[in-house]
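Overview (structure and organization)
The primary structure of each chain is shown beneath.
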Amino acid sequence: MSIIAPAKPRTVADLVRSLSVPPERIRLDPHPGEATELDAIRNKMCELIDGTLVEKAMGYYESRVAIALIYFLERYFDGNPIGFLLDSAGMIRVAEDQVRLPDVSVFLWNRFSGRKLPPGQVLDMVPDLPVEILSPTNTEKEMARKRVEYFAGGAKLVWEVDPIKRSVEVYTAADVSTVIDENGTLDGGNVLPGFALPIRAWFERAGERAE
């Protein structure tokens with residue numbers, strides 16, 4: 001699966017449409033189309049998309065849900081040391097000059113020779129399992145594009161978590177998914193054999209947010 005770069009936008013409306021994110025998340029400095037990975041490194045919590053810095057959609061509760069998931073995943077890795085995690089600050093290169101910040105990234109050690117991590121601030125590798133915790137300003141088109149990038153880069157699974165519905169949409173391809181509600185159990189598929197997490201237990205640990 002290849003990623004086709006969109007045509008260069010000629011207007012602000014074109015830019016918003018091409019990035020598929022609300023305008024308030026688009027940075028104008030550096031000028032859209034001219035940003036680099038170094039700019040993304042300097043501007044924390046910004047993704048680099050088509051030469052434009054885009055602020056990551058993230059609220060405190062989404063962060064809490066991600067941290068709770070990391071707790072359960074780290075417990076799994078204690079007994080099954082086959083991989084490691086990055087949180088939402090972990091920058092990954094999904095394609096040339098395209099940098100993403102999944103809320104949780106699961107990597108398997110078998111992709112790293114001698115279990116040694118490479119140098120640099122941006123990991124040139126797509127996670128085996130990227131996890132995205134949906135925020136109010138995430139759009140369907142934005143998430144669809146991310147899934148295409150992740151699977152094109154070698155992801156085996158993608159989890160999209162809806163903290164309002166307390167559900168997880170498990171993608172095995174960019175457009176093939178199954179929804180697990182809070183009464184169900186999330187498993188690790190062929191990425192994390194034996195991993196099982198009741199959705200309700202996950203959100204009980206994260207804590208309930210008032211309406």
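Residues numbered from 1 in each chain as written. Predicted model: local features only at pLDDT ≥ 70, side-chain atom pairs only at ≥ 80, totals over all residues. Heavy atoms only, no water.

**Quick notes on the pairing of strand S2 (residues 52-55)**
For clarity, the threshold we go by: Each pair of strands is called paired provided DSSP finds at least two bridges between the two strands. Put simply, DSSP marks the helices as runs of H or I at least four residues long and the strands as runs of E at least two long, and each gets a number from the N terminus on.
Looking at chain direction, strand S1 (residues 46-49) and S2 are connected through 4 bridges and run antiparallel. What sits directly across from Ile49, in S2, is Thr52. Hairpin geometry of S1 and S2 is characterised by an intervening segment of 2 residues between the two adjacent antiparallel strands and by a positive phi of about 50 degrees at Asp50.

**Thoughts on the side chain of Glu62**
Applicable threshold: Note on classification: 1.4 Å probe, protein chains only; a residue is buried when its accessible area is under 20% of the maximum for its type, exposed when over 50%, partly exposed between these limits. Counted as positive: Lys and Arg. Counted as negative: Asp and Glu. His and the chain ends are not counted at all. Only one rule defines a salt bridge in this text: a Lys or Arg side-chain nitrogen within 4 Å of an Asp or Glu carboxyl oxygen. Under this definition, polar contacts are N or O atom pairs within 3.5 Å; protein pairs additionally need one hydrogen-donor-capable and one acceptor-capable atom, and for neighbouring residues in sequence, both atoms have to be side-chain atoms. Residue contacts follow a heavy-atom distance rule, with two residues in contact if any of their heavy atoms lie within 4.5 Å.
Among the structural elements, Glu62 can be located in helix H3 (residues 60-79). Of the buried charged residues, Glu62 lacks a salt bridge, with Arg209 as the closest side chain of opposite charge at 4.3 Å. A distance of 3.0 Å separates a polar side-chain atom of Glu62 from the backbone nitrogen of Gly59. Among residues more than four places away in sequence, those in contact with Glu62 are Ile133, Leu134, Ser135, Pro136, Pro163 and Arg209.

**What to know about the sheet that holds strand S9 (residues 167-173)**
Whenever strands of a sheet pair, they do so through backbone hydrogen bonds, lying parallel or antiparallel. What counts is decided by this rule: As a rule, the C-alpha atoms of each element are fitted with a line to give its axis, helices using only the stretch in contact, and angles between N-to-C directions run from 0 to 180 degrees.
As summarised here, the arrangement of the 6 strands in space is S3-S6-S7-S8-S9-S10, forming an open sheet in which the pairing is mixed. With one partner strand each, in any of the chains shown, strand S3 (83-86) and strand S10 (176-180) form the two edges of the open sheet. The mean inter-strand angle of the sheet, taken between neighbouring strand axes irrespective of direction, is 20 degrees. One ladder, built from 3 bridges, connects strand S7 (residues 129-133) with strand S8 (residues 158-162); its direction is parallel. Its bridge partner lying in S8, Ile133 is registered against Val161. Strands S7, S8 and S9 of the sheet are contacted by helix H4 (residues 140-152), whose axis makes an angle of about 155 degrees with S8. Contacts from helix H5 (residues 199-206) reach S8, S9 and S10 within the one sheet, and its direction differs from that of S8 by about 60 degrees.

Function cannot be inferred from these measures alone, as they are strictly geometric.
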